[in-house]
Amino acid sequence: MTTNLVIDPVLSDQQQAQLFAEIEQGLPLVAQPYLAIAQQLNISEEQVLTTIDAWQQQGLIWRFGLVVRHRKLGYDANAMVVWNIEDSEVERVANILAQASVVTLCYQRPRVLPGWPYNLFCMIHGKSREQVLGQLADICQRHQLDKFDKNVLFSTKAYKQRGGRYSASVIKE
Amino acid sequence: MDQLDKQLINLLQKGLPVCEQPFAQVAMELGSTENIVLARLQLMLDSGLLTRFGPMFDAACWGGDFTLAAMEVPEERFEEVNQIVNSFEQIAHNYQRTHRLNMWFVIGTETAEEIFEVIENIQQKTGLTVFNMPKEHEFFVGLYLPV
């Protein structure tokens with residue numbers, strides 16, 4: 001079999017770490033951003049594309065795209081809705097919430113007693129508090145969730161939107 | 001923001017194509033050109049509407065760790081405590097929220113042990129209790145804010 005195809009070697013662990021650190025800072029806004037990164041790291045564009053693609057396939061990166069400032073886009077109401085749900089019901093309710101289009105994140109977290117009885121957290125970003133509360137009421141009514149104890153915590157001020165070493169590109173509030 | 005800007009924001013939040021000329025591909029999908037798309041995005045980056053193109057990932061897979069923490073801070077001490085908490089480089093987001101637990105922040109570290117060190121340090125410096133609520137199970141991640 002004759003072929004002219006040259007396959008670049010898989011990146012070493014160290015090269016992968018360098019590549020990750022580089023893309024975490026953000027891709028340059030140029031026509032060939034992956035090439036620009038490859039040149040910086042002295043690897044090939046093909047290696048960059050293949051590696052990022054593999055990371056996505058493996059779920060190491062959930063999504064690779066644009067990071068927006070939600071307040072600047074008019075999403076001023078940011079609600080953390082917390083629920084106290086029996087352990088046996090958590091998964092069922094979490095899946096209902098996760099499927100609601102307005103819910104952006106949904107996590108199970110430990111209760112911290114005394115003082116914090118809630119074990120399921122979800123985020124709803126909306127343009128106003130009224131809109132968010134309306135969307136929440138709608139979900140509760142449609143799925144009979146009103147029987148569960150819950151609380152809505154709106155954010156009143158954002159102090160630090162980035163800074164942690166790993167935090168820059170992970171939106172978790 | 002005009003129609004093209006909005007389309008760009010909506011499309012690119014769902015993912016940037018991983019190919020040689022991603023912006024050319026996006027331009028084609030939207031019936032525009034690579035140059036126009038790049039120029040529009042640059043304007044929106046400059047104005048602070050967008051922050052960057054980057055990965056969303058699970059830090060635990062990359063050797064780091066995260067937790068969500070909360071504190072009940074007396075109103076008159078809020079600014080002081082806020083400055084102490086934010087002085088730690090491991091603090092990512094920090095939000096004031098409408099609850100008795102009124103300060104909520106994310107701690108991101110390179111190791112799991114470091115989380116506890118940061119919490120301990122914050123408690124010592126503020127004299128307040130930190131509620132630690134690491135995620136146990138993740139059901140959905142897909143922040144998407146259409147415009």
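Structure: see above.
To start, this report covers the structure provided alongside it. (Residues numbered from 1 in each chain as written. Chains lettered and ligands numbered in written order. Predicted model: local features only at pLDDT ≥ 70, side-chain atom pairs only at ≥ 80, totals over all residues. Heavy atoms only, no water.)

## Observations concerning the overall build of chain B
The secondary structure content of chain B amounts to five helices and six strands. Secondary structure of chain B in N-to-C order comes out as α-α-α-β-β-α-β-β-α-β-β. Counting across all 147 residues of chain B, residues that qualify as buried make up 52%. Taking the contacts inside chain B whose residues are at least 6 apart along the sequence as the reference set, 61% of them involve residues at least 24 apart. (Helix = DSSP H or I, 4+ residues; strand = E, 2+ residues; numbered from the N terminus. Buried < 20%, exposed > 50% of the residue type's maximum accessible area, 1.4 Å probe, protein only. Contact = heavy atoms within 4.5 Å.)

## Some words on the interface of chain A and chain B
One frequent convention defines the size of an interface as the accessible area lost when the parts assemble. On the chain B side, the residues contacting the 81 residues of chain A number 79 residues. Counting each side, the surface lost to burial between chain A and chain B is near 7800 Å², with a carbon and sulfur contribution of 61%. Taken together, the connections running from chain A to chain B amount to zero salt bridges. Joining chain A to chain B, the criterion identifies 14 residue pairs in polar contact (both at pLDDT 80 or more). Tallying contributions element by element places strand β5 (residues 149-160) of chain A first for the side of chain A that touches chain B, with ten residues. Residue composition of the side of chain A that touches chain B, grouped by class: 45 nonpolar, 20 polar and 16 charged. (Buried area = accessible area lost by both parts, 1.4 Å probe. Salt bridge = Lys/Arg side-chain N within 4 Å of Asp/Glu carboxyl O. Polar contact = N/O pair within 3.5 Å; in protein donor to acceptor, adjacent residues only side chain to side chain. Nonpolar A, V, L, I, M, F, W, Y, C, P; charged D, E, K, R; others polar.)

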